[in-house]
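So you can see what is in the structure, the chains are spelled out below.
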Amino acid sequence: MGELYKRFGGGLGTVFLALVAAWLAGMVLAPNVMMIDYALRPNLPPADIGGPRDVYSLSNVLYLANEGVHRAIFFKTVWASALVAFVTLMVCYPLAYWLAQNATPNQTAIAILALTIPFWINEVLRTLAWYILLAFRGPLNAALLALGVIDEPVRWYGDGGVLAGMTYAYILFMLFPIYNAIESLEKSQIEAARDLGASVWRTHWRVVIPHAKAGIATGCVFTFMLAAGSYVAPALLGAPGSRWFTEIIYNWFFEGGDWNRGAAYALVLLVLCLTVVLVTLKIARVNLTDVAK
Amino acid sequence: MSAADRIMKGLFGVYFVAFFVYLFAPLAIMAAATFNTSRFPTVTPWQGTTLEWFNALAADRGMWDALWTSIVVAFFVVLVVLPIGTAAALVLTSLHARARSFLYAVMVSPLLTPGVVIGISTLVLWRQLGVGGGVFLIVLAQSSFIICYIMLMVAARLQRFDRTQEEAALGLGASKFMVFRRVILPFLKPALFAAGFLAVLQSIENYNTTLFVRGFDTPLTVYIATKVRTGLTPAVNALALIMVAVTIVGAVTYEVARRRSVARRANIEEEQRG
């Protein structure tokens, strides 16, 4: 703090501190505290608020634990998000490796430009593109029918559609951290492994992947968090049988009319994401400072 | 080259093509469907080529209102995030190592929070204060995490700042305010432009957070998503096509400008050395 005042003087230093405090206290901390407060209180008619029944309890969280359908959707969201992260990793890893190790600088520049174009377009439109592609009478079914791969159209909306749309939406969040990590690997190490007789798989397993561990962990963590918190992909590409936890939360707020329960569900989602993020980073020994680049 | 190597190369080639088809086919189909007369946007079957969906888009009042709402939100988001993000970066770089890494973790935490949670927490706080959803809350909720990006971009630029410039200015009799205004801010200018641009994009594209705090206001992303449920026509594709086109032009321009500035910097360094 002293350094800040010494550098900018009392007036400016105070302005900067006030701005940062307004952000962290007013826009980050206070909303979250209020959400926790909501989550722990019962949903009461206005007359009872502040009355004897207005006490803190875990009943809203326990409601989630005891309500079979919601609980199942919660766990399904967790493992499906993990699956999204895994599939995205599989899709991105070879390209990230090629970009970092084999491509010429020019190829890398062009490929990165091509990769970023879909991501300048917003998530709703990207999902809409998949909505059109996967429609029952849409282009994908038409193409597969024409090729004779399938005999009758497939209903893609549902788990498969959500997986495809989410993987598509989060490619960059996976690709760039892995690319950055692999780029710092000396080519000579890969050559040494090969000269010593290691197969391609073994070289990746023993040399490249351990080196890129931090990047892989970062990519997986972001993809998981984005997938678990996504609303648009399950809403557009899902089916009644593939509901996502965020949709349940939305319903508590705007259809069920129980904000307290909705806040409790949101709190559970937040705790889940933070736990997964922090534990994964801890296991991969990644510093939080290196994550947000 | 051994047989195994050749197989690997072939496999990679197939994967490489498949990857870029996966990346662009959905967008290409979405764009192409704009020109099909079919009421539901698709390319199969092709019922006839038309430009009428652009007219339908132009006549869609709801879309224009939504676009305007998004622009208003983005404008205020930029006003909020640039000063705060810059202040955050300056505060962060003026701290000592321990305090810095703690504050850093706090400052990036909104990036690790799911978007829906940011929306919900903002909504419940302000309901308690008697303020309902709408443009005001959209701006606040979006800003709370967009500031993180601004802070990171400004902090990255500050790392390359030579503090002796500050000392020189002070030595020449400039006040601390003058140093900030005439030395630090001009140095940060390119980063601030890039950050402002990113903030606008982030704001306009946001959906997950906005959905919860929008109240009765309808920004563009919400409007498009609602259209999908209530009656999607290729007019939405026409909008998407325009956005894709603007994006590609923007991305290519940005890349060309970036390459030029890299080349210029390399030239200057060359001259200084030579």
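Starting from 1, residues in each chain are numbered consecutively following that chain's sequence as written. Think of it this way: whatever chain is written first is A, whatever ligand is written first is 1, and the rest follow in order. Only residues with pLDDT of 70 or above have their local features reported here, since the model is predicted, and side-chain atom pairs are shown and tallied only from 80 upward, although totals for entire chains, interfaces and linings are computed over all residues.

Observations concerning the overall build of chain A
What counts, and what does not: Helix numbering and strand numbering both begin at the N terminus, where a helix is a DSSP run of H or I of at least 4 residues and a strand a DSSP run of E of at least 2. We call two residues in contact when their backbone-placed C-beta atoms lie within 7 Å.
Looking only at helices and strands, chain A has 14 helices and 0 strands in total. Going from the N terminus to the C terminus, chain A shows its helices and strands as α-α-α-α-α-α-α-α-α-α-α-α-α-α. For chain A, restricting intrachain contacts to residue pairs at least 6 apart in sequence, the fraction spanning at least 24 positions comes to 72%.

With respect to the overall build of chain B
So the rule is basically this: Here the globule rule is a power law, 2.2 Å times the number of residues to the power 0.38, and the radius of gyration is based on C-alpha atoms. Each residue is classed by its C-beta neighbour count within 10 Å, where at least 20 other C-beta atoms makes it buried, 12 or fewer makes it exposed, and intermediate counts make it partly exposed; the C-beta atoms are placed from backbone geometry.
What chain B contains, in helices and strands, is 11 helices and 0 strands. By the compact-globule yardstick of 19 Å for 274 residues, chain B is too spread out, its C-alpha radius of gyration being 24 Å. Structurally, chain B occupies a C-alpha span of about 75 × 70 × 35 Å along its principal axes. Going through the 274 residues of chain B one by one, you find that 39% of them count as buried. A sequence separation of at least 24 residues applies to 75% of the contacts in chain B between residues at least 6 apart.

Overview of the nonpolar core
Looking at soluble globular proteins, one finds that nonpolar side chains tend to be buried together. As a reminder, the rule being used: The nonpolar core criterion groups buried Ala, Val, Leu, Ile, Met, Phe, Trp, Tyr and Cys residues into a set whenever they are joined through C-beta atoms within 7 Å.
Counting 165 residues, the largest nonpolar core has A96, I178 and A266 of chain A together with A88 of chain B as the members making the most contacts within it. Contacts of I178 of chain A, omitting those with residues within four sequence positions, involve C92, Y93, A96, A212, G215, I216 and G219 of chain A.

A word on the packing of helix α5 (residues 115-128) of chain B against helix α6 (residues 135-158) of chain B
All names here are of chain B. Spelled out, the test is: Structural elements are reduced to axes, namely lines fitted to C-alpha atoms, with helices fitted over the stretch in contact, and the angle between N-to-C directions of any two is expressed from 0 to 180 degrees. These descriptions rest on fixed angle ranges, namely under 35 degrees for roughly parallel, over 145 for roughly antiparallel, 65 to 115 for roughly perpendicular, and the rest for oblique. Crossings are classed by handedness, with left-handed meaning an anticlockwise turn of the near helix from the far one by less than a right angle and right-handed meaning a clockwise turn. Under the convention adopted here, Pro, Cys and the residues Ala, Val, Leu, Ile, Met, Phe, Trp and Tyr are nonpolar, Asp, Glu, Lys and Arg are charged, and Gly plus all remaining residues are polar.
Direction vectors running N to C along α5 and α6 enclose 135 degrees, while the axes themselves pass 10 Å from each other. As summarised for this structure, α5 and α6 are arranged oblique, according to the angle between their axes. Our pair here, α5 against α6, has a crossing hand that is right-handed. Of α6, the residues touching α5 (which contributes I118, G119, T122, L123 and W126) are L137, L140, A141, S144 and F145. Taken together, the residues of the contact of α5 with α6 sort by class into 7 nonpolar, 3 polar and no charged.

Comments concerning the confidence of the model for chain B
In plain terms, the rule: A score from 0 to 100, pLDDT tells how confident the predictor is in each residue.
For chain B, the mean per-residue pLDDT works out to 88, and 99% of the residues sit at or above 70. Here the complex is predicted with pTM 0.88, and the ipTM for its interfaces comes to 0.88.

Some words on the interface of chain A and chain B
Listed by partner, the interface residues are 69 residues for chain A and 70 residues for chain B. Sorting elements by how many residues they give to the side of chain A that touches chain B places helix α1 (residues 2-40) of chain A first, with 21 residues. Taken together, the residues of the side of chain A that touches chain B sort by class into 54 nonpolar, 11 polar and 4 charged.

Overview of α5 of chain B
Since one α-helical turn is 3.6 residues long, residues separated by three or four positions face the same way. To keep things clear, this is the line we draw: Every helix has an expected span of 1.5 Å times one less than the residues it contains.
Given a rise of 1.5 Å per residue, 14 residues ought to cover 20 Å, and the 21 Å separating the end C-alpha atoms of α5 of chain B matches this to within 8%. Most of α5 of chain B is tucked away: 12 of the 14 residues are buried. Along α5 of chain B, the positions that sit buried rather than exposed are G115, V116, V117, I118, G119, I120, S121, T122, L123, V124, L125 and W126 of chain B. Elements that come into contact with the buried residues of α5 of chain B comprise α1, α12 (245-254) and α13 (259-283) of chain A together with α6 and α9 (208-213) of chain B. Directly beyond the C-terminal end of α5 of chain B, a positive phi value near 85 degrees is found at G130 of chain B.

Focus: the confidence of the model for chain A
Of all residues in chain A, 98% attain a pLDDT of 70 or more, and the chain-wide mean is 89. Looking at the elements of chain A, mean pLDDT is at its lowest for helix α14 (residues 288-291) of chain A, recorded as 66, and at its highest for helix α3 (residues 68-102) of chain A, recorded as 94.

Details of the packing of helix α7 (residues 159-183) of chain A against helix α10 (residues 213-228) of chain A
Pairs of packed helices are described in terms of their axes, by the angle between the two and the distance that separates them. Residues and elements named next belong to chain A. As a packed pair, α7 and α10 sit with axes 7 Å apart at the nearest point and diverge in direction by 160 degrees. In terms of axis orientation, α7 runs roughly antiparallel to α10. You can see that α7 and α10 cross each other, and the crossing is right-handed. Residue-level contacts link M166, Y170, F173, M174, P177, I178, N180, A181 and I182 of α7 to A214, G215, I216, T218, G219, F222, T223, L226 and A227 of α10. When grouped by side-chain class, the residues that make up the contact of α7 with α10 number 13 nonpolar, 5 polar and no charged.

As for the environment of G196 of chain B
All names here are of chain B. Here G196 lies in helix α8 (residues 176-205). Residue classification places G196 among the partly exposed residues on the basis of 19 C-beta atoms within 10 Å. Separated by 118 residues in sequence, G196 and V78 place their C-alpha atoms 6.1 Å apart. Contacts of G196, omitting those with residues within four sequence positions, involve V78 and L82.

Quick look at the environment of S94 of chain B
Residue placement: S94 of chain B occurs in the loop between α3 (61-93) and α4 (97-108). Note on S94 of chain B: 20 C-beta atoms within 10 Å, which makes it buried. Discounting residues that sit within four places of it in the chain, S94 of chain B has contacts with E3, L4 and R7 of chain A.

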